[in-house]
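Here is how the chains run, residue by residue.
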Amino acid sequence: MTRVLQVSAELYPLLKTGGLADVADALPAALAAAGAEPRLLVPGFPTIREALGKECAVAPVALPWSEGRAALLRGRLPGFEMPVYVLDAPGLFDRPGNPYADAAGVAYADNHRRFALLGLAAARLAEGVDGSWRPGIVHAHDWHAGLACAHVAASRSRRRTDARTVFTIHNLAYQGLFPADLFCELGLPPHFYAVEGLEFYGQGSFMKAGLHFADAITTVSPSYAKEIQTPEQGCGLDGLLRHRAGVLHGILNGVDYGVWSPASDASLAAAYDADQPDGKAACKAALQRECGLDPKPDAPLFGIVSRLTEQKGLPLVLEALDDLLDGGGQLVVLGSGDARLEAAFGEAAARHPGRVARRTGMDEGLAHRIVAGSDVVLVPSRFEPCGLTQLYGLRYGALPLVHRVGGLADTVVDCTLEDLAASTATGFVFNAFTAEAYRRALRRAFALWSRQEFWGHVRDAAMRQRFEWNAAAARYAELYSRLSP
């Protein structure tokens, strides 16, 4: 049985800024069902530290700098069957704001230290600091855990471990860059700062550390695995990714249907499923009341649950907002991020009361209600490694309107005539990332809405789609087996 240490900066439901937290929550249980023996390593952020059950101190972790203290704790977290390791370092993690920035949204100046220590702790576990459990695979998620691959490689070179590493790219655009003169604080051998290492155009890159030192690389959809090997989406790392293409795998994320199921979702006004979809109308009416939208059952309701960033394609939504409203649609937006986008959606809601609603921040319950109450979920991303929102939309009968890119291309089938005839259409897909292409997809949505019988058929096909974690876990388990020393 392969012992696998999953390393992540986020963990649903305790700490979430995006889909990474959902993956860190769902993947370990799916791996256990696939025959692996997983455990998690997460930073001791306040919400995680407070939720940790009766903990057992495993060992102190020596800091690469002089001040502060850190220790590895082993314990249980609510909802997790397996033990969890928590990196307890109050000077680094006991702070307000999100995991990466303060309450004003300014990135912490010592993020290089905070997440270097996470990687160092993973290597110590691979070396056997917990005498009762030692991983054969260290699986690091995104840039925050990228240095785990480098630290394990350093440990292996000193013959302290024979563990292998897997690095999963969740979003290549966020790379964990830091000034070169801070490399000495990371606790790595000096020769690791090189082109064949962490160096990236005169800076250090946690993302590049993962890509260079990992024994295998995965990303969260097959299409994204191909796209990041091109200059257009490689974010300056496409050459390295092409060089490592032989160990790069696209494994589509799954959905935890125990959390995302309209038949059992306690957040909703009414339960429903593909066989009994009537409750969706009640969810739509409740969402309109909650968000101050006009109570119009015949108005197609478009929903956005997203970080408000340019990557998510939201300028297209704003540019074509008049088209959406002139067609009789309504729009509800939940999210925060770029100040200009926040202001633009706020102004739209003020200009169009009863037709546009804007909610800020992260509200998990409201996110579920928006997906359940919407007729269409908008995910027009410029690029999208996997996307979970469109998968939630499919399950809840909110037809996704997406740009054909990354995981969106892998999971949504456009309402073409042939796919409608074959009952395989599940949403609306546009190819070029332009306002006109987006508008054409929007018009297709309105055209289908005007034919409710066809809309019902497509919604039924969408709700019957399944993207289970067991399929992804089987792929990961096979990969671990090939790597295991």
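Our structure is the block above this text.
Residues numbered from 1 in each chain as written. Predicted model: local features only at pLDDT ≥ 70, side-chain atom pairs only at ≥ 80, totals over all residues. Heavy atoms only, no water.

Asks: What is the right way to read the sheet that holds strand E14 (residues 330-334) from this model?
Replies: By way of backbone hydrogen bonds, the strands of a sheet pair with one another, either parallel or antiparallel. Pairing is parallel in the open sheet, where 6 strands are placed in the order E15-E14-E13-E16-E17-E18. Bordering the open sheet on either side are strand E15 (356-359) and strand E18 (428-430), each of which pairs with just one other strand. Adjacent strand axes in the sheet meet at a mean angle of 15 degrees, parallel and antiparallel pairs treated alike. Pairing geometry for E14 and E15, over 4 bridges, is parallel. For Val333, the partnering residue across the bridge sits in E15 and is Arg358. Lying over the sheet, helix H13 (residues 364-373) contacts strand E13 (301-305), E14 and E15, oriented at roughly 150 degrees with respect to E13. (Pairing = 2+ DSSP bridges. Helix = DSSP H or I, 4+ residues; strand = E, 2+ residues; numbered from the N terminus. Axes fitted to C-alpha atoms, helices over the stretch in contact; angles between N-to-C directions. Contact = heavy atoms within 4.5 Å.)

Asks: Can you walk me through the packing of H13 against helix H14 (residues 389-396) in this structure?
Replies: The axes of two packed helices give the description: the angle between them and the distance between them. It is at 8 Å that the axes of H13 and H14 come closest, and there the two elements cross at 55 degrees. The angle between H13 and H14 places the two elements in the oblique class. Here H13 and H14 pass one another in a crossing that is right-handed. Residue-level contacts link His368, Val371 and Ala372 of H13 to Tyr392, Gly393 and Tyr396 of H14. (Parallel < 35°, antiparallel > 145°, perpendicular 65-115°, else oblique. Left-handed = near helix turned anticlockwise from the far one by under 90°.)

Asks: I'm lost on the environment of Gly303 in this one. Help?
Replies: Along the chain, Gly303 turns up in strand E13. Setting aside residues no more than four positions away along its own chain, Gly303 makes contact with Val332, Ile370, Ser374, Val376, Val377 and Leu378.

Asks: Teacher, can you tell me more about H14 here?
Replies: Side chains three or four residues apart in an α-helix point the same way, a direct result of the helix having 3.6 residues per turn. Counted residue by residue, H14 has 8 buried out of 8 residues, so it is predominantly covered. Along H14, the residues that are buried comprise Thr389, Gln390, Leu391, Tyr392, Gly393, Leu394, Arg395 and Tyr396. Taken from the residues just after H14, Gly397 is the one with a positive phi, measuring 75 degrees. (Buried < 20%, exposed > 50% of the residue type's maximum accessible area, 1.4 Å probe, protein only.)

Asks: Whenever I open this one, the side chain of Glu199 confuses me. Can you help?
Replies: Take Glu199: it is sitting in strand E9 (residues 199-200). It turns out Glu199 is buried and unbridged, and the closest side chain with the opposite charge, Lys208, is 4.7 Å from it. Looking at Glu199, its side chain comes within polar contact range of the main-chain nitrogen of Tyr201, at 3.1 Å. A distance of 2.5 Å separates the side chain of Glu199 from the backbone nitrogen of Gly202, its partner in a polar contact. (Lys, Arg positive; Asp, Glu negative; His and termini not counted. Salt bridge = Lys/Arg side-chain N within 4 Å of Asp/Glu carboxyl O. Polar contact = N/O pair within 3.5 Å; in protein donor to acceptor, adjacent residues only side chain to side chain.)

Asks: For this particular structure, what's the right way to read the nonpolar core?
Replies: As a rule of thumb, nonpolar side chains are buried together in soluble globular proteins. Membership of the largest hydrophobic core comes to 80 residues, with the highest contact counts inside it found for Leu41, Leu117, Ile169, Leu198 and Leu211. The leading source of residues in this core is helix H4 (residues 111-127), at 10 residues. For Leu41, the contacting residues outside a window of four places in its chain are Leu5, Gln6, Val7, Ser8, Leu72, Tyr85, Leu87, Leu118, Ala121, Ala122 and Leu125. Grouped together as the second largest cluster of nonpolar side chains are 64 residues, Leu314, Val333, Ala349 and Val376 included. (Core = buried A, V, L, I, M, F, W, Y, C linked by side-chain atoms within 4.5 Å.)

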